[in-house]
Amino acid sequence: MNKWWKSGAPWIWLHGGAVSISIIMVFGLLLLILVRGFSHFWPHPVAQITYTLPGSAPIEVIGELRRSETLTGQLMREAGAPIPEEQLFVTRHLFKLGNRDVTGRDFTYFIDDFMGEWRYPRDITVLERREWGDFLGQPVRLLENNRPLNLAADELWPEFRRRLERSTALVDDIRHIERNVIGRINHQLERVRLDRRRAELRDRLTPELEQQLIERREQLEAHYAELRHELDDLYAQSRRDTIVMRVAGGDEVDIRLDQIVKAWQPNAMSVFAKLGFYGKDFLDFIFGYPREANTEGGIFPAIFGTVVMVLVMSIIVTPFGVLAAIYLREYAKQGTLLKAIRISVYNLAGVPSIVFGVFGLGFFVYFLGGSIDRALFPEALPAPTFGTPGLFWASLTLALLTLPVVIVSTEEGLARIPSTIRQGSLALGATKSETLWKVVVPLATPAMMTGLILAIARAAGEVAPLMLVGVVKLAPTLPIDGNFPFLHLERKIMHLGFHIYDVGFQSPHAEAAEQLVYATALILVLLIVALNLTAIQIRNRLREKYRAEGD
Amino acid sequence: MPTLAKPEDEPVGSLLPSPQQREKLRRIRGFHDAFSKYGIATAGFGVIFALMLIFVYLFSEVIPLLKPVSMEVVGELAVPAGETPSPTVHLTLDRFEQIGGRYSANGAITFFDANDGHILSRQHVKLPDEAVVTAFGRSESRKSLFVYGFSDGSVMPLRVDYTQTFPDGVRVVTPELAFPLGEEPIRIGGGIEGDYSALAIVDGRGGYIIAGGTDQGEIAMALFRTRRNMFTREQQITRTDYHLPAIDHPVRQLFVNESLRNLFAIDDQGTLYNFDIVDGTNARLIEQIALVPEGVTTTAVDFLVGSRSLIVGGSDGSLAQWFLVRDEDSGESHMTRIRGFRPHQSAVRYIEPEYTRKGFLSGDENGTVALHYATSSVTLKTLQVADNPIRRIAISPINRLALVKREGAETIERLAIDNPHPQASFSALWGKVWYEGRAQPEFIWQSSSADDAFESKFSLVPLSVGTLKAALFAMLLAAPLAIMGAIYTAYFMSPGMRRIVKPSIELMEALPTVILGFLAGIWLAPFIENNLPILFVGLILLPLGVLLSSLGWYQLPERVRHLVPAGWEAALLIPVVIMLGWITISASPWIEVLWFDGSMRQWLTDVGITYDQRNALIVGLAMGFAVIPTIFSIAEDAVFNVPRHLTQGSLALGATPWQTVTGVVLLTASPGMFSAIMIGFGRAVGETMIVLMASGNSPIVNFSIFEGMRTLAANIAVELPETAVGSTHFRILFVSALVLLIFTFVLNTAAEIVRQRLRKRYASL
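Note that this is a predicted model, so its numbers are computed, not measured.

### With respect to the domain arrangement of chain A
Interface size is commonly expressed as the accessible area that is lost once the parts come together. With domains assigned, chain A is organised as domain 1 (2-41) and domain 2 (300-500). Domain 1 of chain A and domain 2 of chain A are separated by 36 Å when their C-alpha centres are compared.

### Observations concerning the side chain of K262(A)
Residues and elements named next belong to chain A. With respect to the element layout, K262 can be found in strand 10 (residues 260-264). Residue K262 is classed as buried on the basis of its relative accessible area, which comes to 11%. If sequence neighbours within four positions are ignored, K262 has contacts with V126, L127, E128, F277, D281 and D284.

### So, the packing of aromatic side chains
Tallying each qualifying case throughout the model produces 53 aromatic pairs over all chains. Each ring, one from Y103(B) and one from F146(B), has its centre 4.7 Å from the other, and the planes form 40°; the classification is tilted. Residue Y103(B) is found in strand 3 (residues 99-104), and its partner F146(B) is found in strand 7 (residues 145-150); the two are separated by 43 residues along the sequence. F146(B) carries the same exposure label as Y103(B), and that label is buried. Feature note: the residues F359(A), F363(A), F364(A), Y366(A), F367(A), F377(A), F386(A), F392(A), W393(A), Y57(B), F730(B) and F734(B) constitute an aromatic cluster, connected by ring pairs. Here the basic side chain of K457(B) rests over the ring of Y435(B), its NZ or CZ set 5.5 Å away from the ring centre.

### Here's the deal with the environment of F282(A)
Residue and element names in this part refer to chain A. If you trace the backbone, F282 turns up in helix 7 (residues 271-287). For the pair formed by F282 and Q265, sequence separation is 17 residues and the distance between their alpha carbons is 18 Å. Dropping the residues within four chain positions of it, F282 is found in contact with F38, F41 and I523.

### Details of the sheet that holds strand 1 (residues 47-51) of chain A
Residue and element names in this part refer to chain A. Strand order in the open sheet made by the four strands is 1-2-3-4, with antiparallel pairing throughout. Two strands close off the open sheet at either side, each with one partner strand: strand 1 and strand 4 (107-111). This sheet shows a mean twist of 50° between the axes of neighbouring strands, independent of strand direction. Here five bridges tie strand 1 to strand 2 (residues 59-72), and the two strands are oriented antiparallel to one another. Its bridge partner lying in strand 2, Q48 is registered against I62.

### Some details on the interface of chain A and chain B
In this assembly, 91 residues from chain A lie in contact with 98 residues from chain B. Between chain A and chain B the total buried area reaches about 8,700 Å² when both faces are included, carbon and sulfur atoms providing 82% of it. Considering only the surface of chain A that becomes buried against chain B, W13(A), H15(A) and F505(A) emerge as the three largest contributors, covering 9% of it. As a salt-bridge pair, R29(B) and E434(A) come within 2.8 Å of each other at their nearest N and O atoms.

### Considerations on the packing of helix 11 (residues 644-652) of chain B against helix 12 (residues 657-686) of chain B
Residue and element names in this part refer to chain B. Across the interface, helix 11 lies against helix 12 with an axial gap of 9 Å and an inter-helix angle of 145°. The way helix 11 lies across helix 12 gives a crossing that is right-handed. Of the residues in helix 12, those in contact with L646, T647, S650 and L651 of helix 11 are P657, T660, V664, V665 and T668. Each residue belonging to the contact of helix 11 with helix 12 can be placed in one class, and the counts come to five nonpolar, four polar and no charged.

Definitions and cut-offs
- The residue numbering used here restarts from 1 in each chain and proceeds along that chain's sequence as written.
- Chains and ligands are labelled by the order in which they are written, letters from A for the one and numbers from 1 for the other.
- Local features are withheld for residues below a pLDDT of 70 in this predicted model, meaning they are given only at 70 or higher, and side-chain atom pairs are given and counted only at 80 or more; totals for whole chains, interfaces and linings count all residues.
- The side-chain quantities take in all heavy atoms of the structure and omit both hydrogens and water.
- Segment limits for the domains were obtained from an automatic or database-derived domain assignment.
- Where helices and strands are cited, they refer to DSSP runs of H or I of at least four residues and of E of at least two residues respectively, numbered from the N terminus.
- For the exposure calls, accessible area comes from a 1.4 Å probe over protein chains only, and a residue counts as buried if that area is under 20% of its type's maximum, exposed if over 50%, partly exposed in between.
- For this analysis, residues touch if any pair of their heavy atoms sits within 4.5 Å.
- Within 6.5 Å between ring centres, the rings of Phe, Tyr and Trp (the latter by its six-membered ring) count as paired, and their orientation is classed by plane angle as stacked under 30 degrees, edge-to-face over 60, tilted in between.
- Geometrically, a charge over a ring is one whose NZ (Lys) or CZ (Arg) sits within 6 Å of the ring centre while staying within 35 degrees of the ring normal.
- The rule for pairing is simple: two strands pair if DSSP sees at least two bridges between them.
- Note on method: axes are straight lines fitted to C-alpha atoms, helices fitted across the in-contact stretch only, with angles between N-to-C directions ranging 0 to 180 degrees.
- When two parts are brought into contact, each loses some accessible area as probed by a 1.4 Å sphere; the total of that loss over both is the buried area.
- What counts as a salt bridge is simple: a side-chain nitrogen of Lys or Arg found within 4 Å of a carboxyl oxygen of Asp or Glu.
- Here a crossing is called left-handed whenever its near helix is offset anticlockwise from the far helix by less than a right angle, and right-handed whenever the offset is clockwise.
- Polar here means any residue outside two lists: the nonpolar Ala, Val, Leu, Ile, Met, Phe, Trp, Tyr, Cys and Pro, and the charged Asp, Glu, Lys and Arg; Gly therefore counts as polar.

In structure tokens form, the structure reads like this:
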């Protein structure tokens with residue numbers, strides 16, 4: 001024991017413990033996100049239970065188990081649960097009941113002691129609706145134009161699936177017309193208005209031009225009326241079928257099929273069916289549009305916004321970062337001043353990101369954007385075009401934020417290239433620029449790539465500055481679409497990181513949205529971990545390469 | 001080699017370009033070289049300039065806060081004379097600074113052009129037969145409500161509305177008289193004897209109050225409640241009259257606050273009588289206070305906007321702010337002197353409050369006008385306008401122009417005022433300030449409210465304290481874990497394991513903080529709240545368990561021990577730590593039952609400790625997690641790069657590995673660790689999302705681990721999108737951004753310099 005103490009082993013082990021704790025924290029966190037994120041898409045079984053609180057009538061509960069926890073009896077007694085004095089611990093289960101419109105409470109805790117047997121009837125159906133969240137219940141019958149259909153019990157579900165497919169197709173058509181076709185018409189109408197206003201401002205509004213504009217507008221409006229008619233027709237068709245569901249407790253509720261996104265009977269599904277469902281659900285999440293204040297549906301606009309923003313940022317940051325690094329390393333006179341500049345540039349990487357956001361909002365949005373609006377888009381004023389937070393300013397702010405990352409990485413790469421290579425090139429008579437562009441820079445490309453990838457990884461995870469310069473809760477349009485000029489730099493965008501913040505903390509149904517946020521976090525983590533691993537791989541390969549060449 | 005020899009008469013076969021072509025090529029190459037040189041230099045300078053621009057721009061947005069206030073006479077107008085000359089009792093200015101209003105003692109109201117003085121219109125208050133105006137009173141300037149008192153004992157309340165019309169797209173403002181309580185003069189209080197010596201009108205919560213006082217010390221008031229009929233849109237007015245207890249001295253001024261709870265009467269001695277008028281029929285004198293010292297009288301008193309504070313000017317030139325302060329013991333509010341302002345040289349003659357903030361102008365006997373701001377208790381500017389006494393001052397609702405009428409003068413002076421940010425003084429940002437309605441001076445951050453009369457509270461202290469608090473708790477977790485981990489990884493860990501561990505921990509750095517914040521707020525905060533004991537148990541159990549397992553390991557036979565090579569202790573410990581963690585969590589409810597009556601959270605509340613679900617502890621854990629990799633990475637480099645010959649020398653001399661660490665490695669690498677901690681601290685100070693999501697964002701000043709905080713960075717994220725561009729609030733947020741920038745920049749630069757020195761030292765060792 002004494003020897004053990006004197007050898008310093010306890011200290012070494014304690015230090016080792018710190019490493020273990022850090023490692024467990026990292027992987028525990030990743031595991032937590034993975035498990036919670038991936039389980040979002042799994043069709044969990046739905047239980048049916050009779051719940052009897054002492055002193056009140058038994059109630060029937062249909063719900064999906066979310067989690068269980070064990071608390072002290074005292075805590076539960078204080079919360080008002082009728083737990084006997086002598087009971088020390090209580091287990092309670094959080095159930096997702098759905099049916100937010102019927103009962104008003106879609107998540108409820110139930111105490112284990114008062115629960116009857118857990119049954120899993122095969123016909124319990126989960127309906128994912130366009131509004132009001134999920135619906136849990138048992139199908140009773142189908143209605144067509146409010147008249148019940150005569151169906152045998154085993155025909156009900158297949159027939160329902162067929163009719164649901166039909167109504168989903170109709171709703172998709174409606175969505176397509178509303179989102180794309182009418183969106184384009186609105187865009188063009190706005191263009192007509194702006195053209196007119198611009199001509200007015202420049203005193204070039206001739207009667208012919210005005211006539212032309214009026215014709216254009218009338219054409220568009222006629223087209224719009226036509227579409228409106230078509231839409232009404234589609235809406236009428238989609239409202240044909242209704243399913244009658246029995247909820248826990250026996251009440252019957254009518255649900256129109258066009259209100260249903262998806263329907264499944266989790267208790268009747270085989271593992272393979274569940275896997276298939278899982279895959280489809282995952283894809284729907286990635287490629288779907290959000291619903292219900294972002295708490296339901298997919299996150300496609302957020303992914304798309306993040307990617308577009310990061311791409312625009314890369315286009316800005318790469319040339320400038322690389323050129324600045326080349327300047328600092330190859331051209332600038334090495335001295336105290338340069339050293340100071342270099343330290344300052346490096347240190348900007350440690351400046352809080354929110355400071356860049358403040359700069360972006362004040363300088364880019366209000367100052368630059370305001371000037372651009374006055375000079376180039378006077379017809380749209382007082383509605384700002386670039387004088388408001390948007391994609392371009394978000395990208396520019398992030399470019400500034402990640403410049404130091406690219407500069408540091410590129411400089412490192414340039415410094416790593418053995419001077420013998422440079423001297424060889426110069427000795428053969430190449431000019432400095434030829435040496436630089438044909439020998440040094442190609443060799444340093446992997447370093448630049450590393451820098452760029454690290455910059456992208458940092459930018460994709462950054463949220464605080466974006467809240468100020470262009471990311472919003474819900475953007476009505478994507479930044480790229482079929483309308484000229486296709487890439488709309490002035491539009492506001494959605495962003496994965498902000499989506500997490502917004503849905504997790506600002507949404508009215510935080511509990512219902514929790515799993516969705518985990519899933520979103522998962523996507524973001526996967527994206528960033530993948531980017532970082534790539535950067536690490538490139539860096540390692542680079543080191544090996546130069547080790548070989550430098551010798 | 002005969003084939004290589006070329007006949008001399010065939011120069012065309014040469015593969016070399018001709019001299020001209022070579023010259024051309026050389027020029028092109030030279031041009032490329034120069035182009036690349038200057039192009040790169042331009043881009044390099046551009047980037048460096050853009051980065052420097054951040055500093056320059058943030059400064060430029062902050063500078064206006066420091067700009068000195070200016071107030072100067074920019075012209076004078078002839079006093080718009082009446083048909084019958086009559087003294088001025090009041091002066092106003094509209095919000096476009098175009099229309100001045102002069103209220104004469106004979107009941108005439110003359111509106112004139114505030115730029116050149118020509119008369120725009122003149123209106124007359126309807127006087128009762130054979131009566132003359134004996135008194136005049138007004139409410140706060142922003143209500144534009146006035147009351148005339150007549151010699152027959154009746155009063156006439158009226159309001160001036162400025163209506164805007166846009167004929168031909170040009171704005172035209174016309175002042176109009178409106179009579180909210182009817183067009184006929186009304187009597188208040190029934191049987192009051194003698195002329196009014198003071199009148200007050202207020203449009204408060206629950207109706208209008210008109211109060212009058214006489215030289216005999218009588219005070220009467222009438223409460224008018226207006227109600228609009230929902231169907232006929234007809235306005236119904238109900239009135240109630242009250243008599244207040246008389247005072248022994250002549251009433252000089254009367255004030256009723258907007259909450260209609262208090263009436264303040266001031267007599268000719270400078271004594272204030274504070275009446276509680278919540279129950280009008282039983283109005284009660286709460287206290288009687290001398291506003292000025294013996295031998296001095298009050299010469300001008302007025303409410304600041306919001307009618308919470310009185311500014312009291314004395315015959316000795318003194319100026320002081322008074323308001324009601326609630327006494328915690330008796331529950332009663334007492335008039336208290338809060339602060340004084342730079343005194344005038346002679347008696348204060350008039351006080352004119354600003355419209356939407358807590359500033360005011362004061363004019364004195366010698367013709368001096370001074371501009372003050374109450375919250376930051378500063379006198380911003382003093383200006384000698386003339387030699388004769390100031391009679392009335394009018395300031396415009398946007399606080400940029402004032403009109404000054406002197407005693408007996410034929411002209412009105414126009415004062416241009418440039419005073420955009422009086423709220424932001426050094427003492428207001430960093431000192432304790434006694435805000436209206438508070439019991440004592442405090443540090444408060446409360447930037448905005450829906451009400452115009454709101455006193456904005458811009459103390460940066462709660463935010464700075466919050467920032468430091470969050471960073472400190474984060475460092476409490478991160479610094480020991482990261483430094484210890486770094487020492488072990490760099491010095492003891494086997495290379496094979498290090499290759500896995502180092503990138504894994506560095507991967508933590510790349511995790512978006514929004515995810516950490518989300519987990520902390522949604523998952524960790526409720527978990528910790530329900531399982532509070534795990535913290536304390538974990539703090540004891542984890543190190544103890546690690547030590548015990550180390551001891552246990554050394555008791556094993558050597559055969560077993562040699563199965564695992566040295567440097568893999570951390571891997572051995574992973575299952576141990578997981579086990580300990582599991583024990584800690586499952587023991588938590590037992591501990592709560594045994595020692596804390598079943599709920600530690602409740603127990604904390606019972607012993608008087610406030611517990612917020614999202615608190616400094618949660619922020620510390622989450623942010624600690626975020627800064628561990630930063631510290632770890634730099635500290636690990638510092639330890640790893642300690643020259644081998646130093647450690648090997650130490651080991652060769654017989655020191656144990658641990659003695660080598662404490663005696664050699666730590667000493668050499670300590671600057672590196674110091675700089676690692678500084679950089680980690682800098683990161684924790686500026687972190688936004690974690691604090692935003694895991695703390696309650698309440699700007700409180702304390703270091704309690706169980707309460708939340710609001711940091712500078714989170715505050716910017718929350719408030720900057722909402723604030724008006726160029727406002728004081730906007731600029732103060734820029735100040736906090738600048739504070740963050742400079743703080744982290746200095747911290748990082750210091751750390752970088754330390755590191756560079758260390759690198760040099762390693763190279764020379």
